[in-house]
Structures are given as structure tokens and as C-alpha cells.
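Each chain, written out:
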Amino acid sequence: MIKIALVVCPQTVISSLAMAQDCFNLANQLSGQTLFQIYKVSVDGLNVHLKDMQLKMDGDLTLAENADLVLIPAIGANVKAVIESNPSLITWLAKHANKHLASLCSAAFVLAASGVLNGYKATTHWHLADHFRRYFPLVNLHPEQLVTHDGLRFCSGGAQAGLDLCLYLIQFYQGDWLARQVASMLVMDYGRGVQTRFVPRLPPVQQQDPALARLQRWLEQHYAQALSLEDMAQQLHCSPRTVIRRFKEATQLTPHDYLQRVRISAAESLLAEAHYTIDQIATQVGYEDRTAFAKLFKQITGETPAAYRRRFLAQQPS
């Protein structure tokens with residue numbers, strides 16, 4: 001029997017906690033035996049107030065010391081406040097670095113604050129990636145991944161990626177067959193690939209800079225043409241160097257990078273229509289070289305054009 005301690009603090013996201021419990025309990029139900037024993041623990045063992053409810057704990061962190069896996073559910077986006085208000089938990093994690101430790105979504109910040117992720121591969125929600133890197137440069141962050149496993153460390157990306165990690169842990173401890181059965185019952189794809197495909201391709205239109213907003217819309221209308229930096233500069237009535245500067249300040253992308261993302265976004269829409277070949281799509285969005293198009297598509301989305309099409313079509317009702 002695998003003992004799992006779910007660590008609960010006042011900032012724990014209820015849905016993340018419940019998701020983990022449900023996933024492991026379903027594994028027990030489908031297997032017909034208690035393969036996973038789940039404990040809810042807090043630092044002091046006292047009940048924890050989560051929004052409008054009080055959650056009863058099974059014990060304090062002493063109970064977690066005997067667990068096979070210590071798993072921390074998501075803690076929300078105000079990670080700095082959570083870290084500052086849970087020093088005892090962070091100290092405990094640092095002292096138990098020899099255990100299997102796992103985080104769901106933003107809880108990777110708690111693990112990282114204790115130092116137990118230093119030198120390890122990890123992931124968290126893509127939206128928090130830059131923030132994470134600034135705070136924890138010693139962690140080998142891979143925000144493109146839904147799930148990471150490195151030695152004794154397990155992490156997951158966004159909210160639903162918590163299910164991906166729970167399924168991975170079921171597979172890790174009890175085998176692939178059971179993990180697939182649980183995924184089937186949850187009506188969820190097993191092994192969903194990378195987090196990159198969920199990241200918005202384009203930053204929002206820059207309403208605070210009307211001229212730049214017009215350029216963004218112009219690019220979204222003329223992306224299939226062979227566009228140069230000089231063409232873009234003419235739209236802004238400024239020098240190419242100024243275009244680059246203003247674009248990077250507003251979007252964190254160069255004009256060229258933005259154009260590529262517009263093209264790839266258009267390609268995603270066309271791939272949803274089965275009557276276009278990938279060669280035709282590459283040409284329609286502005287690429288003469290299919291190989292270059294496929295390489296860039298995978299770089300931005302995390303999967304090949306063919307894999308994207310297969311996944312999209314498989315999700316459509318028959």
C-alpha cells in the first residue's frame with residue numbers, strides 16, 4: 001500500500017486537493033483494493049479553514065514522515081504571500097529532502113522555497129514561469145511540460161495538469177494499466193503531451209499604444225505575405241529600430257516573432273479542416289518550405305502539425 005500525505009495550508013486550492021483525492025480513490029475503486037492510503041495533514045494537525053469551509057485533518061506533519069509520497073496541492077497565484085505565511089512547512093520540507101515530494105501547479109513555489117528543487121527538473125503553470133525563474137534560478141524549470149519527474153521530485157503545470165501528475169503517479173507506483181483505466185473513467189486523455197499547446201500564441205492587442213495595435217491587426221490580416229521589417233516600419237511611420245524597440249517593450253516579442261506566431265495560429269485553424277494538406281497549409285500561411293514550417297510549428301506549439309491534426313480530429317464527435 002502506498003501512503004500519500006496531502007499537505008493542506010490555509011491557501012490550498014480546494015479543487016486541486018479534491019482532484020488528487022478523487023483520482024487516487026478512483027484507482028482504489030477500480031482495482032478493488034486499497035492501493036493508495038490518503039492522509040490530509042497540516043503543519044500542526046489542526047483543522048484548516050479553506051474559504052467558507054473547515055477541513056478536518058488526519059494529523060500533523062509527523063504523519064507525513066511515514067508517507068511514501070508527500071504531495072502539495074495548488075496554492076493559488078499569490079505565491080509570495082503563501083511562502084511567507086508557511087515557514088514551518090518550508091523548513092520541514094528542507095529537512096525531508098530524501099522523500100518523494102510532489103507539487104500540483106503553483107505549489108512548486110513551496111517546494112522550491114525549501115531548496116529541495118535546486119538542481120532538479122521542475123514545472124509549474126506557464127503563466128508563473130518568469131516569476132518562478134526570478135525567485136529560483138537554481139531550479140531547472142521546464143514550463144513547457146505538463147509533468148516532470150526527476151529523481152524523487154514530481155511536479156505538474158496548470159490546474160488540469162494536476163490530473164496528469166496523479167495519473168503519472170498511479171502509473172509510477174501501480175502500473176500503466178491502472179493509470180489508463182482511471183483516465184478512461186475520468187474521460188481524460190492519458191499522456192496529454194506538453195503544456196506549450198495551452199499557452200496563448202499571441203499577447204493581447206496593445207490598447208495603450210493605438211499605433212502598435214493597428215500594426216498588430218495589420219499583421220494579422222497580411223501574415224501570408226512576404227513581410228519585411230521595413231514594411232512594418234512603414235505602418236508605424238518610424239524606423240525599423242523603433243519598431244523593434246516598441247514591439248519588444250509592449251509584447252516581449254520581436255516583430256518577426258510576433259509574425260511567426262500569427263502564422264502558426266492561422267495554421268492551427270487550417271489544420272482543423274481535414275481537406276487541406278500540410279503542404280497547402282504551409283503555403284497559405286506564408287511558408288514555402290514545409291520542413292521549416294513544421295519545425296517552427298513544433299517549437300511554438302509543442303507538437304508537429306500532423307500530431308496536432310490527429311489530436312484535434314480525434315476529439316471531434318463522430
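Notes on the structure follow.

The rules we used
- The numbers attached to residues start from 1 for each chain and follow its sequence in the written order.
- With pLDDT at 70 or above as the cut-off, local features in this predicted model cover only qualifying residues; side-chain atom pairs require 80 or more to be listed or tallied, and sums for whole chains, interfaces and linings still use all residues.
- Remark: hydrogens and water are excluded; side-chain values derive from all non-hydrogen atoms of the structure.
- Counting from the N terminus, the helices are the DSSP runs of H or I reaching at least four residues and the strands are the DSSP runs of E reaching at least two.
- Between buried and exposed lies partly exposed: a residue is buried under 20% and exposed over 50% of the maximum accessible area for its type, with that area taken using a 1.4 Å probe on protein chains only.
- Throughout, a contact is declared for two residues whenever any of their heavy atoms are within 4.5 Å.
- Within this scheme the basic residues Lys and Arg register as positive and the acidic residues Asp and Glu register as negative, but His and the chain ends are omitted.
- Charged groups are reduced to one reference atom each: NZ for lysine, CZ for arginine, CG for aspartic acid, CD for glutamic acid.
- Each polar contact in these results corresponds to two N or O atoms within 3.5 Å; when the atoms are within protein, one needs to be able to donate a hydrogen and the other to accept it, and residues that are neighboring in sequence are counted only if both atoms are side-chain atoms.
- One less than the number of residues in a helix, times 1.5 Å, gives the span that helix is expected to have.
- An axis is simply a line fitted to the C-alpha atoms; with a helix, the fit covers only the stretch in contact. Between two such axes, the angle follows the N-to-C directions and lies from 0 to 180 degrees.
- What sets the label is the angle itself: under 35 degrees gives roughly parallel, over 145 gives roughly antiparallel, 65 to 115 gives roughly perpendicular, and the rest give oblique.
- Gly counts as polar in this scheme, as do all residues outside two lists: the nonpolar Ala, Val, Leu, Ile, Met, Phe, Trp, Tyr, Cys and Pro, and the charged Asp, Glu, Lys and Arg.
- When two rings of Phe, Tyr or Trp (its six-membered ring) have centres within 6.5 Å they constitute a pair, described as stacked for plane angles under 30 degrees, edge-to-face for angles over 60, and tilted for the intermediate range.
- Whether a charge sits over a ring depends on NZ of Lys or CZ of Arg being within 6 Å of the ring centre and within 35 degrees of the ring normal.

**What to know about the overall build of the chain**
Link 1 in the chain: Along the backbone of the chain there are 15 helices and 10 strands.
Link 2 in the chain: Seen along its three principal axes, the alpha-carbon backbone of the chain occupies a region of about 65 × 45 × 35 Å.
Link 3 in the chain: For the chain, the residues scored as buried account for 47% of the 318 residues in total.
Link 4 in the chain: When contacts within the chain are restricted to residue pairs at least 6 apart in sequence, long-range pairs at least 24 apart make up 60% of them.
Link 5 in the chain: Where the 29 positive side-chain charges of the chain centre and where its 26 negative ones centre are 2 Å apart.

**A look at the side chain of arginine 309**
Link 1 in the chain: Relative to the helices and strands, arginine 309 resides in helix H15 (residues 305-314).
Link 2 in the chain: By relative accessible area, which is 13% here, arginine 309 ends up buried.
Link 3 in the chain: A distance of 3.0 Å separates a polar atom in the side chain of arginine 309 from the backbone oxygen of leucine 271.
Link 4 in the chain: For arginine 309, the side chain forms a polar contact with the main-chain oxygen of tyrosine 276, separated by 2.7 Å.
Link 5 in the chain: Here arginine 309 is in contact with Leu270, Leu271, Glu273, Ala274, Tyr276, Thr277, Ile278 and Ile281, once residues within four sequence places are set aside.

**Some details on the environment of glutamine 216**
Link 1 in the chain: Relative to the assigned elements, glutamine 216 resides in helix H9 (residues 210-222).
Link 2 in the chain: Taking the C-alpha atoms as reference points, glutamine 216 and valine 262, 46 residues apart in sequence, are found 9.4 Å from one another.

**Topic: helix H1 (residues 14-31)**
Link 1 in the chain: With 18 residues, H1 extends 26 Å from end C-alpha to end C-alpha; this agrees with the ideal 26 Å at 1.5 Å per step.
Link 2 in the chain: What H1 keeps buried is the set Ser16, Leu17, Met19, Ala20, Cys23, Phe24, Leu26, Ala27 and Asn28.
Link 3 in the chain: The secondary structure elements touched by the buried residues of H1 are strand E1 (2-7), strand E2 (36-41), strand E4 (53-55), strand E5 (69-72), helix H7 (161-174) and helix H8 (176-185).

**Structural notes on the packing of helix H12 (residues 255-271) against helix H14 (residues 290-301)**
Link 1 in the chain: In contact at an axis separation of 10 Å, H12 and H14 are set at 95° when each is read in the N-to-C sense. On the basis of the axis angle, H12 is roughly perpendicular to H14. Residues Gln260, Arg261, Ile264, Ala267, Glu268 and Leu271 of H12 form the contact with H14, whose own contacting residues are Phe293, Leu296, Phe297, Ile300 and Thr301.
Link 2 in the chain: Of the residues that constitute the contact of H12 with H14, the class distribution is seven nonpolar, two polar and two charged.

**Re the environment of asparagine 118**
Link 1 in the chain: Relative to the helices and strands, asparagine 118 resides in the loop between helix H5 (108-113) and strand E7 (121-122).
Link 2 in the chain: As for asparagine 118 and asparagine 140, which are separated by 22 residues in sequence, their C-alpha atoms are 7.5 Å apart.

**Let's talk about the packing of aromatic side chains**
Aromatic ring pairs are reported here in terms of the distance separating the ring centres and the angle at which the planes meet.
Link 1 in the chain: With the rule as written, the count across this model stands at 12 aromatic pairs.
Link 2 in the chain: Aromatic side chains phenylalanine 172 and tyrosine 173 sit 5.0 Å apart centroid to centroid with 80° between the ring planes, which places their arrangement in the edge-to-face category.
Link 3 in the chain: When its relative accessible area of 34% is taken as the criterion, phenylalanine 172 is described as partly exposed.
Link 4 in the chain: Within the aromatic cluster, the residues linked to one another by ring pairs are Phe109, Phe132, Tyr135 and Phe136.
Link 5 in the chain: Across the ring face of tyrosine 120, the terminal group of arginine 153 is positioned such that the distance to the ring centre comes to 4.9 Å.

**Some points on unusual backbone geometry**
Link 1 in the chain: Unlike most non-glycine residues, histidine 237 shows phi in positive territory, near 55°.
Link 2 in the chain: Mapped onto the secondary structure, histidine 237 falls in the loop between helix H10 (229-236) and helix H11 (240-251).
Link 3 in the chain: For histidine 237, a relative accessible area of 74% translates into the label exposed.
Link 4 in the chain: Positive phi is not limited to glycine here, since glutamine 252 has a value of about 65°.
Link 5 in the chain: Note on placement: glutamine 252 falls in the loop between H11 and H12.

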